[in-house]
Amino acid sequence: MIGGVIEIDLANYDPMDPLIQQCPYPHYAAIREDGPIFWHEQSAMFFAARHDIVKQILRDTTTFSSIGSNAKHAGSDAVMGEVAKIMEQGWPRAETMLTVDPPVHTSYRRLVSQAFSARRIAALDDQVRGIAVDLIDTFPDQGTIDFHRDFAVSLPVRVIHFALNMSPDVIDKIKLWSDAANVALGASPSDDDRIAAAHLAVEGQRYWYDEYEARLAHPTDDILSEIVHADYQAPDAADGETRKLEFPEIYSIVKQLMVAGNETTTKFLNETMRLLIENPAQWDALSSDPKNVIHDLVEEGLRMSSPNQGLFRYATCDTEIAGRNVPEGSKIWLMFGAANRDDHVFTDGEAFDASRDRLNEHLAFGMGRHFCIGAPLSRLEGTVAFEELARRLHRPTFAPGNTFEYEPSFIMRGLTQLDLLVEKRTSTT
Ligand code: HEM
């Protein structure tokens, strides 16, 4: 460290380094500074950290493919063999939405957008508010709360449980199944954790298979029924020819809906709460004028937290990015978390400031064809959560003992724990 500025050694940058993961932002800034696109020799991958370059790649789904875009870290041959054997007890994997390109992506996305529609999400407003208020009601009038466990995890779990009309007995399974699905995303779990995750994956498939069969026989008014009974037109089908989706396709879709929004929304809620405590003027602004502040506060929380710090794309042909040759097959890490702090778009990008300009340009939900289908739901959860928290609590503070440690992943970024001292307001009007 020289004069308060950390010296960054990009030649030896290792995104898997747990110490760097605690605060990757100086490295992100150095990569943005280094040039439009950075070649990382050790991982044989390009890193895209600048906002304009990330956008350019996201827009061009012909040159930059999403096949394999959420690639997980493989373990040893022995453990991967064991995992494969466990997975054989379930159903074969089908790729839909996140990990496919147009025109296949377009067909699946159209079908899911109709079921996971704006009408359905808007109708969840009262329910999400009810869940948020129930959770806050469990807080003591004055004392310590485990905000991570009792709010940031519980809210998205309960919301997706309701939104997907899942049976009451699996509410405690949702987080386990979600964490299992992401166990090796930007991280290197132990062999035991990989095996446990494989068992959980099969358990989740079995649950969804039973639900699928039930909806097939007796449709109900829910997203799964709509997907099960929808007419899917594959891109290679003859004109007007449609079919119903097979179970592996359906499972791939519901799994994405169940998993993709859970951990991400938890991380967004935790980080935004941390930032509000560190920036008391922003909490005070929210409390005194929620209607005018909430929209921008949620967007700024999303920009700063960027729970998904980046995903991958693959060059489908020899191409160029900002004058640099990018050969066919190259892997590129699109660093949403770095692009979201690019000073060329976000003045003083490291600062939390809900009154900043160009907030709607953040890339926390990606952009273009793969733009997060759950963004309206997450935004609704964030809006309701911070409105209700500010209405019902005086400004919280950190409880003693917080370590502010982040989970060991360079893709999923979020606090492992957040304990707060809270005091409820006597009146909530
Ligand atoms: C703060 C919360 C969330 C964050 C930060 C987030 C982030 C993202 C990002 C960055 C992408 C784009 C991936 C790409 O371009 O390859 C994405 C896609 C997606 N998200 Fe989210 N997400 C969130 C919440 C949700 C929720 C609540 C759901 C569902 C209930 C969801 C479901 C999906 C799905 C299915 C896709 C794939 C869309 C496609 O490929 O067409 N996400 N999300």
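The structure presented is a predicted model; accordingly, all values stated were derived computationally and were not measured. (Residues numbered from 1 in each chain as written. Predicted model: local features only at pLDDT ≥ 70, side-chain atom pairs only at ≥ 80, totals over all residues. Heavy atoms only, no water.)

Chemist: Break down the overall build of the protein chain for me, citing the residues and quoting the values.
Modeler: Secondary structure assignment for the protein chain yields 17 helices and ten strands. Its C-alpha atoms give the protein chain a radius of gyration of 22 Å, near enough to 22 Å, the size a compact globule of 429 residues would have. When the backbone C-alpha atoms are referred to their principal axes, the protein chain occupies close to 60 × 55 × 45 Å. When each of the 429 residues of the protein chain is scored for burial, the buried share is 52%. The contacts of the protein chain with a sequence gap of at least 6 include a subset with a gap of at least 24, amounting to 73%. Surface exposure of the protein chain reaches about 19,200 Å², of which carbon and sulfur atoms provide 51%. Averaged over its 40 positive side-chain charges, the protein chain has a centre that lies 3 Å from the centre of its 65 negative ones. (Helix = DSSP H or I, 4+ residues; strand = E, 2+ residues; numbered from the N terminus. Rg over C-alpha atoms; globule rule 2.2 N^0.38 Å. Buried < 20%, exposed > 50% of the residue type's maximum accessible area, 1.4 Å probe, protein only. Contact = heavy atoms within 4.5 Å. Areas by Shrake-Rupley, 256 points an atom, 1.4 Å probe, with all protein chains shown as cover. Lys, Arg positive; Asp, Glu negative; His and termini not counted. Charge placed at Lys NZ, Arg CZ, Asp CG, Glu CD.)

Chemist: Describe in detail the site of the ligand, supporting the description with residues and values.
Modeler: Contacts to the ligand come from 26 residues, most closely from His 105, Arg 109, Arg 313, His 370 and Cys 372. Within the backbone of Leu 98, a nitrogen or oxygen atom sits 3.3 Å from an oxygen atom of the ligand. Between the ligand and the protein, one listed contact pairs an oxygen atom with a side-chain N or O atom of His 370 at 2.6 Å. Top element by residues in the shell around the ligand is helix H12 (residues 247-260). It accounts for three residues. Residue classes in the shell around the ligand are distributed as 14 nonpolar, nine polar and three charged. (Near = heavy atom within 4 Å. Polar contact = N/O pair within 3.5 Å; in protein donor to acceptor, adjacent residues only side chain to side chain. Nonpolar A, V, L, I, M, F, W, Y, C, P; charged D, E, K, R; others polar.)

Chemist: Can you lay out the nonpolar core for me, pointing to particular residues and giving the numbers?
Modeler: In terms of nonpolar packing, the biggest core is built from 81 residues, with Phe 151, Trp 208, Phe 386 and Leu 389 touching the most fellow members. If one sorts the elements of this core by residue count, helix H8 (residues 147-163) sits on top with nine residues. Sequence-distant contacts of Leu 389, that is, excluding residues within four places in its chain, are made with Ile 136, Phe 139, Phe 147, Phe 151, Met 273 and Trp 283. Judged by nonpolar contacts, the second largest core, of 37 residues, contains Leu 10, Ile 31, Phe 38 and Ala 315. (Core = buried A, V, L, I, M, F, W, Y, C linked by side-chain atoms within 4.5 Å.)

Chemist: Account for the pattern of salt bridges, naming residues and giving values.
Modeler: Applying the stated rule across the entire model yields 26 salt bridges. A salt bridge links Glu 226 to Arg 120, with the nearest nitrogen and oxygen atoms 2.9 Å apart. Of this pair, Glu 226 sits in helix H11 (residues 223-229) while Arg 120 sits in helix H6 (residues 118-122), and the two are 106 residues apart along the sequence. One network of salt bridges, with partners in common, ties together Asp 125, Arg 129, Glu 387, Glu 388, Arg 391 and Arg 392. (Salt bridge = Lys/Arg side-chain N within 4 Å of Asp/Glu carboxyl O.)

Chemist: Quick one: what's the story with the sheet that holds strand S1 (residues 38-40), residue by residue and with numbers?
Modeler: Taken together, the five strands give an open sheet; going across it, the order is S1-S2-S8-S5-S3, and neighbouring strands pair in mixed fashion. Of all strands in the sheet, those with a lone pairing partner are S1 and strand S3 (64-65), marking the two edges. As judged from the three bridges shared by strand S2 (residues 45-48) and strand S8 (residues 331-334), these two strands associate in the parallel manner. In the sheet register, Phe 47 faces S8, and the bridge partner there is Trp 333. Lying over the sheet, helix H3 (residues 51-59) contacts S2, S3, strand S5 (311-315) and S8, oriented at roughly 120° with respect to S8. (Pairing = 2+ DSSP bridges. Axes fitted to C-alpha atoms, helices over the stretch in contact; angles between N-to-C directions.)

Chemist: Account for unusual backbone geometry, naming residues and giving values.
Modeler: Put simply, Pro 102 and Pro 103 share a cis peptide bond, and its omega is 5°. Relative to the elements of secondary structure, Pro 103 occurs in the loop between helix H4 (77-87) and helix H5 (104-115). The phi angle at Ala 322 is positive, at roughly 45°, despite the residue not being glycine. By the element assignment, Ala 322 lies in the loop between strand S6 (319-321) and strand S7 (324-326).

Chemist: Which residues make up the sheet that holds strand S10 (residues 419-423), and what values do they have?
Modeler: If you walk across this open sheet you meet the three strands as S4-S10-S9, and the pairing is antiparallel. Two strands close off the open sheet at either side, each with one partner strand: strand S4 (142-146) and strand S9 (397-398). For S4 and S10, the ladder comprises five bridges, and the chain directions are antiparallel. Across the sheet, Thr 144 pairs through a bridge with Leu 421, a residue of S10. Contacts from H8 reach S4 and S10 within the one sheet, and its direction differs from that of S4 by about 65°.

Chemist: Account for the packing of aromatic side chains, with residues named and values stated.
Modeler: The full count for this structure, using the stated rule, is 19 aromatic pairs. Ring centres 6.0 Å apart and planes at 85° place the aromatic pair Tyr 13 and Phe 47 in the edge-to-face group. Of this pair, Tyr 13 sits in the segment before helix H1 (18-22) while Phe 47 sits in strand S2; the two residues are 34 residues apart in sequence, bridging distant segments of the chain. The same class applies to Tyr 13 as to Phe 47, namely buried. Relative to Phe 410, the ring of Trp 333 has its centre 5.0 Å away and its plane inclined at 90°; by these criteria the two rings are edge-to-face. Taken as a pair, Trp 333 in strand S8 and Phe 410 in the loop between S9 and S10 lie far apart in primary sequence, 77 residues in all. Look at Trp 333 and you get buried, because its relative accessible area is 0%. For Phe 410, a relative accessible area of 10% corresponds to the buried category. An aromatic cluster of at least three residues, connected via ring pairs, comprises Tyr 13, Phe 38, Phe 47, Trp 333 and Phe 410. It is Arg 413 that lies over the ring of Tyr 406; its NZ or CZ is 3.7 Å from the centre. (Phe/Tyr/Trp six-rings, centres within 6.5 Å; stacked < 30°, edge-to-face > 60°. Lys NZ or Arg CZ within 6 Å of the ring centre and 35° of its normal.)

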